[in-house]
Amino acid sequence: MTHPLILDPHRFFPAEPALRTLAARLFAEVEHLPIVSPHGHTDPAWFATNAPFEDPVSLLVWPDHYLLRMLYGQGVALEQIGLAPLGGAPTETDRRVIWRRFAEHYRAFLGTSSRFWLDYVFAGVFGLDVRLEPATADRYFESISAALATPAFRPRALFERFNIEVVATTEGALDPLAHHAALQKSGWKGRVITTFRPGDVTDPAAADFATNVAALGELTKENVASWAGYLRALENRRAFFRQHGATATDHGHPTARTADLSPAECQALLDRALSGRASAEDAELFRAQILTEMARMSCDDGMVMQLHAGVWRGHNRELVRRFGRDKGDDFPLATDYVAALKPLLDRFGNRADFTLILFTLDESTYSRELAPLASHYPCLRLGPAWWFHDSPDGILRFRRQTTEIAGFYNGVGFNDDTRAFFSIPARHDLARRVDCSYLAELAATHRLDEDEAVEVARDLAYRLPKSAYHL
Amino acid sequence: MTHPLILDPHRFFPAEPALRTLAARLFAEVEHLPIVSPHGHTDPAWFATNAPFEDPVSLLVWPDHYLLRMLYGQGVALEQIGLAPLGGAPTETDRRVIWRRFAEHYRAFLGTSSRFWLDYVFAGVFGLDVRLEPATADRYFESISAALATPAFRPRALFERFNIEVVATTEGALDPLAHHAALQKSGWKGRVITTFRPGDVTDPAAADFATNVAALGELTKENVASWAGYLRALENRRAFFRQHGATATDHGHPTARTADLSPAECQALLDRALSGRASAEDAELFRAQILTEMARMSCDDGMVMQLHAGVWRGHNRELVRRFGRDKGDDFPLATDYVAALKPLLDRFGNRADFTLILFTLDESTYSRELAPLASHYPCLRLGPAWWFHDSPDGILRFRRQTTEIAGFYNGVGFNDDTRAFFSIPARHDLARRVDCSYLAELAATHRLDEDEAVEVARDLAYRLPKSAYHL
Amino acid sequence: MTHPLILDPHRFFPAEPALRTLAARLFAEVEHLPIVSPHGHTDPAWFATNAPFEDPVSLLVWPDHYLLRMLYGQGVALEQIGLAPLGGAPTETDRRVIWRRFAEHYRAFLGTSSRFWLDYVFAGVFGLDVRLEPATADRYFESISAALATPAFRPRALFERFNIEVVATTEGALDPLAHHAALQKSGWKGRVITTFRPGDVTDPAAADFATNVAALGELTKENVASWAGYLRALENRRAFFRQHGATATDHGHPTARTADLSPAECQALLDRALSGRASAEDAELFRAQILTEMARMSCDDGMVMQLHAGVWRGHNRELVRRFGRDKGDDFPLATDYVAALKPLLDRFGNRADFTLILFTLDESTYSRELAPLASHYPCLRLGPAWWFHDSPDGILRFRRQTTEIAGFYNGVGFNDDTRAFFSIPARHDLARRVDCSYLAELAATHRLDEDEAVEVARDLAYRLPKSAYHL
């Protein structure tokens, strides 16, 4: 027996009939707006080469750390779903078997964002009409595999079908951006831009930091052993990224700490970092100083700055040792912003021509720190509900806990922040539906008028991300 | 084209029809109860002199740090709305121009409490029937200016029209309370009382602390260089405030820390504070000790004690330097209560004849610390949702996160805590509506009966603030 | 005048009619499932001796620290409700008078879980049909007293009437488990098992720690002065508990800190603890190490491990001195899990054959730490909303903040965690109703299908607690 899979047209809208009708009316105004995806982790090679995607497992399971996290937590060894340990070890290679294993555990995702997104991909993108479960695993595997072999499922065709106006990828500071260069020359009119994420050369705790910085020096012909030269090298790479479309930088730090040290202190920190003698506190202080330097550079070159703070990445010692990073063992931390950001804000907080977008995984800071800060400092903007919180109730909490303090216009609308290309329309669909549900609630309780709700809905879905990221 | 401005009679009530009807029925029981405003920051001079208010800008924009915060965050320089830098600098002086600028940015307030309150003031107090936007800015400026020139808009007339039974202002320890004295002699029957807020003489980090303490000594004829004399001087001022109607004290501290030090330690702290040698930790410890001393004095003189903890005031260095305090750059901090209050509670926590009302801006403490503490310690009461959280969803979160643990009777009903006189009825209207919505939800889900909901609604709106503050 | 007391069949369901109908339909599927109570604090003597309960006061008021907390917070001295100070002092002994006093303050419980549970006990267990208030206090006292004297209200009869399949009690490591042994021999088919809670011999801050450890040595014939012998003694007691039905251990710690120290460090800590020279940090580190040792033992013996972290117990100095512990003065603390659990997780986190169930009183950790951790580490499971948060809105917050991240199957369904035997059906009734309300919301908003909601409802109410605790 199978079960039907239906994308109800009222999904994620409130159950109360009047609210539902109102939410649907608002959603009709934004449903077909183009997708602006100013922050994410899709692979530019897809669009540059336009090669077909391989199969359901390599497309949907392996790159999705949300799925790896949950499958692993349910007792599925990563080898059982085809991930090879770094040292090599017996690993399942039959992708049909892996897909069946995923189907067996699909029930564990009930109620989660992953499930909502995947069901949209299955029904909305691949046209599947039965639920994924053990009985339908093979049917899924075959249908998806067959579709992927067709021209309509090539990356560029999907980019157009998904109605994407622009998508930003994210690359490390040393990346040659060859795919972006190829795209610029290709004549294809899809807009795929890069984002400058310099962690490999700005975080002394990163693997190969000193080697990376040396490579940075070679790339830029700067003396990166001197603090001034190191900064010039970063400026140089920012310019290179801008030439490849970048309008923004991105910084993923364990905390939001910033610093404003003297050049001598900076040089001493750099010396210790390059010689591998940096303590954990040195590394933290180095990152803190980098944020302030990046803010200064943004004031100069106009790049929008994003801070994704408060994550302990690679928490599972054994998993990191055996499989490396990004396997679903990254965890949020309690995060301070009010004290942490002060050194940076003391220098650049009052600049209305500079934009620093803040993201958090610590929801307790929404109303306590982020909404108050973002509603006061001209440079600050509040990023949308991120990662673990990009979900129906998560987005509602974000709206409810920030809007009454900061309104809508100290925010930046929606980001999908995904490496799962197929889920992009699913994520924008969900976010637009939930934002319209929230706005319906405001309108139905006379906290704003319906004409205002329509304008805000459009701003959140389209105008704000476009303007905030200078797109 | 203009848009109508309507105060819907069902505003802020739940959208679901049965809940809405029930909320409206409950609200009808409290809508016309007199306003008891036991904590706020209105200016006693208004009521003492009964002089007319000037114009919309000086009345509604300049004193409202909620508006300054958001306008500044939207990139409006404070000079552009008429605030003069301390050192002097070109500043917009045309109030009509300033009002237009405010109207241009009114959209940024969509969804915020400021918008809800102001729309009530515009429609409910001034009778305006179109939305504030650029096209209506001049009409607003003229209507409001004209109204303010009439006798019906004098402070005392509004006090009566607003159905205020009693309002408490807040004055520093050195204040001569001349306006309160004048009011007591005036024969006007409006009840305007003061509140003792001694931060100027109890916080070593306050500007001019030593000078203020010296002035305290002169006022009270006590030797304030000795700890015992200093305490006697504070007791003396408390008595003076009580003579001017005060029933409560108020303490705004960066943390909720309390201490119970020996007299020798206190004397040493005072010595360092008066000589300007107090470290940040000294100042913190001094404030901590002051809270315990204030509790002791309250046990003696019966004054209700209020603690508004957890705010970093004057966070924007440049703004403080150029414009001073209270310009919207105050931010909440993560705040501990369970450990912080223990020294004070160890001494006075079991006193049922002492009342300490706790306020927080850290919503994560509602269910984790404040509701549990307030439901156990006889002296403790939980203050209402404060400042950033005095909003429809903010009040609902407060009720939902505290009631199941502490019930309603370890709370104190509603406080408006405002310096915006015209918004007082708006704030009480909103809070009563939201509390009735919450009670409707409880009744409709059979968590209490409707007769109980009516009693609780009346208690929250009127009886509890009156009894908790000994009014 | 009295007021009717009615348990509405739709209590705790959403007010919106379609949601309510759907919730009721789901609830009908779980309403009559047997009660599995894998964690709680009922007294095994009740079931072993099957002696009648005495009277309403000793049954319902004295053992319930929720009631003591609130009554005390409302200014009722514990002596006034019959609790005798440790040193002896005049105390109310007339239980009818005490019951009247409780009735006078019953209004303070409006909106709290205690009220919901008690009304269920009054109406659902005792068949009372009027509200408890001063006018009905005597009627209550007499009705309840009369019922308690009948065979139908003996512990075993109620156990069966409540449809309890299994209940776990909690005993200290030194407990002889005589009642459990008697039960095993009794032939009665009710399943009452114990849980190993070794805090008396594993927390150096516990009263009489050294004496308790000495007793542990005598009981087990191990040299508990050596770390290895001490651990063997604990293993020995775990085995003894398993013989009396235990499938789980329980650890109530002020923090979730874990450690992985060398044997020499452990020995040094034990030496200091036994000689009474352990500092607060030593005690914390000792407890931290114990958690890791307990995890290791669980990997060996298969016992499920529970961690109830983040409580400051006995906060009210005067109350502890006069009345001892568990009088309602226990308070939650901000609690870290991501860093705190790492030493334990580094060793045993990847074991799918080990189960560590995490509970918290810090709701800010639901979405920030616990749901992410529980959805990744194979050993981790998320315990239900605990203590202060075991309430309609508390349970909804738990579900809303954890499900979207961790789904349902990294959780363990419901625990009542109560010492109030009569409230067990009330608590399961409430939790099942609220879980069904949440599931109705998911189904009505098309986040899952109704057939899935039914399965999840059954899992939460019955199957998950049974399987997670190996029952």
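Residues numbered from 1 in each chain as written. Chains lettered and ligands numbered in written order. Predicted model: local features only at pLDDT ≥ 70, side-chain atom pairs only at ≥ 80, totals over all residues.

Across its full length, chain A carries 20 helices and eleven strands. Computed over its C-alpha atoms, the radius of gyration of chain A comes to 23 Å, within 12% of the 23 Å expected for a compact globule of 471 residues. Expressed along its principal axes, the backbone C-alpha trace of chain A runs to roughly 70 × 60 × 45 Å. Among the 471 residues that make up chain A, the fraction classed as buried is 57%. (Helix = DSSP H or I, 4+ residues; strand = E, 2+ residues; numbered from the N terminus. Rg over C-alpha atoms; globule rule 2.2 N^0.38 Å. Buried ≥ 20, exposed ≤ 12 C-beta atoms within 10 Å, placed from the backbone.)

On the chain A side, the residues contacting the 42 residues of chain B number 40 residues. By residue number, the principal contributor to the side of chain B that touches chain A is helix α4 (residues 65-73) of chain B, which donates four residues. Residues that form the side of chain B that touches chain A fall into these classes: 17 nonpolar, 15 polar and ten charged. (Contact = placed C-beta atoms within 7 Å. Nonpolar A, V, L, I, M, F, W, Y, C, P; charged D, E, K, R; others polar.)

What follows is about the nonpolar core. Within the largest apolar cluster, 446 residues are counted, with the highest numbers of intra-cluster contacts made by A:L358, A:L439, B:L358, B:L439, C:L358 and C:L439. Beyond its immediate stretch of four places on either side in the chain, A:L439 contacts A:L26, A:A453, A:V456 and A:A457. (Core = buried A, V, L, I, M, F, W, Y, C linked by C-beta atoms within 7 Å.)

Mapping chain B onto chain A leaves a residual RMSD of 0.0 Å; the transformation is a rotation of 120 degrees accompanied by 0.0 Å of translation along its axis. Viewed as a symmetry operation, the transformation between the two copies matches a three-fold axis. When the interface residues of chain B are mapped onto chain A, a mere 5% of them again lie at the interface, so each copy presents a different face. (Least-squares fit on C-alpha atoms with pLDDT ≥ 70 in both.)

Next up on the list: the pairing of strand β7 (residues 304-309) of chain B. Residue and element names in this part refer to chain B. Among the six residues that make up β7, six are buried, leaving the element largely enclosed by the rest of the structure. Because side chains alternate across β7, one face comprises the buried residues V304, Q306 and H308, and the other comprises M305, L307 and A309, equally buried. Pairing analysis gives six bridges linking strand β6 (residues 248-253) to β7, with the strands arranged parallel. Across the sheet, H253 pairs through a bridge with A309, a residue of β7. Inspection of the sheet shows β7 paired to strand β10 (residues 356-359) by four bridges, in the parallel sense. Counterpart to M305 in the pairing with β10 is L356. (Pairing = 2+ DSSP bridges.)

Attention shifts here to the domain arrangement of chain A. Much of the literature gives interface size as the accessible area that the parts lose upon coming together. Residue and element names in this part refer to chain A. The assigned domain composition of chain A is domain 1 (17-52 + 154-468) and domain 2 (53-153). At the interface, 21 residues of domain 1 touch 25 residues of domain 2. Looking at the side of domain 1 that touches domain 2, the elements with two or more residues in it are α8 (155-161), α15 (317-323) and α19 (424-444). Looking at the side of domain 1 that touches domain 2, the element that brings in the most residues is α19, giving five residues. Classifying every residue of the side of domain 1 that touches domain 2 by side-chain character gives nine nonpolar, four polar and eight charged. (Domains from an automatic or database assignment.)

Residue and element names in this part refer to chain A. One way to put it is that helix α12 (residues 227-243) packs onto helix α14 (residues 280-301) with a least axis distance of 11 Å and a crossing angle of 50 degrees. What the angle tells us is that α12 and α14 run oblique. Between α12 and α14 lies a crossing whose hand is right-handed. Contacts between α12 and α14 pair L231, L234, E235, R238 and R242 from the former with E293, M297 and D301 from the latter. Residue composition of the contact of α12 with α14, by class: three nonpolar, no polar and five charged. (Axes fitted to C-alpha atoms, helices over the stretch in contact; angles between N-to-C directions. Parallel < 35°, antiparallel > 145°, perpendicular 65-115°, else oblique. Left-handed = near helix turned anticlockwise from the far one by under 90°.)

What follows concerns the relation of the copies chain A and chain C. The transform that puts chain A on chain C rotates by 120 degrees and translates by 0.0 Å along the axis, for an RMSD of 0.0 Å. Here only 5% of the interface residues in chain A have copies in chain C that are interface residues too; the copies meet through unlike faces.

Looking now at the sheet that holds strand β4 (residues 191-193) of chain A. All names here are of chain A. The three strands lie next to each other as β1-β2-β4, forming an open sheet whose pairing is parallel. The outermost strands of the open sheet, each flanked by one partner alone, are β1 (35-37) and β4. Averaged over all neighbouring strand pairs, the angle between strand axes comes to 10 degrees, with direction disregarded.

Residues and elements named next belong to chain A. The phi torsion at N163 lies on the positive side, around 65 degrees, for a residue other than glycine. In this fold, N163 is placed in the loop between α8 and β2 (164-168). Note on N163: 13 C-beta atoms within 10 Å, which makes it partly exposed. One non-glycine residue, W387, lies in the positive phi region at around 60 degrees. Assessed through the 21 C-beta atoms surrounding it within 10 Å, W387 is described here as buried.

Hydrogen bonds between backbone groups are what pair the strands of a sheet, and the pairing can be parallel or antiparallel. Residue and element names in this part refer to chain B. Strand order in the open sheet formed by three strands is β1-β2-β4, and the pairing between neighbours is parallel. Each edge of the sheet is formed by a strand with only one pairing partner; in this case those strands are β1 (35-37) and β4 (191-193). Neighbour to neighbour, the strand axes of the sheet diverge by 10 degrees on average, direction disregarded. Summarising the sheet, strand β2 (residues 164-168) and β4 pair through three bridges and their orientation is parallel. In the strand pairing of β4, A168 is matched with I193.

With 42 residues of chain A in contact, the opposing surface of chain C contributes 40 residues. With four residues, helix α4 (residues 65-73) of chain A is the single largest residue contributor to the side of chain A that touches chain C.

Glancing now at the environment of A:S437. The topology assignment puts A:S437 in helix α19. Filtering out sequence-adjacent residues up to four positions away, A:S437 remains in contact with A:F12, A:F13, A:P14 and A:A23.

This part is about the environment of C:R115. All names here are of chain C. Along the polypeptide, R115 turns up in helix α6 (residues 113-125). Looking at R115, the number of C-beta atoms within 10 Å reads 21, which means it is buried. Sequence separation between R115 and L67 is 48 residues; the distance between their C-alpha atoms is 9.5 Å. R115 has contacts with F109 and L110, leaving out every residue within four places of it along the chain.

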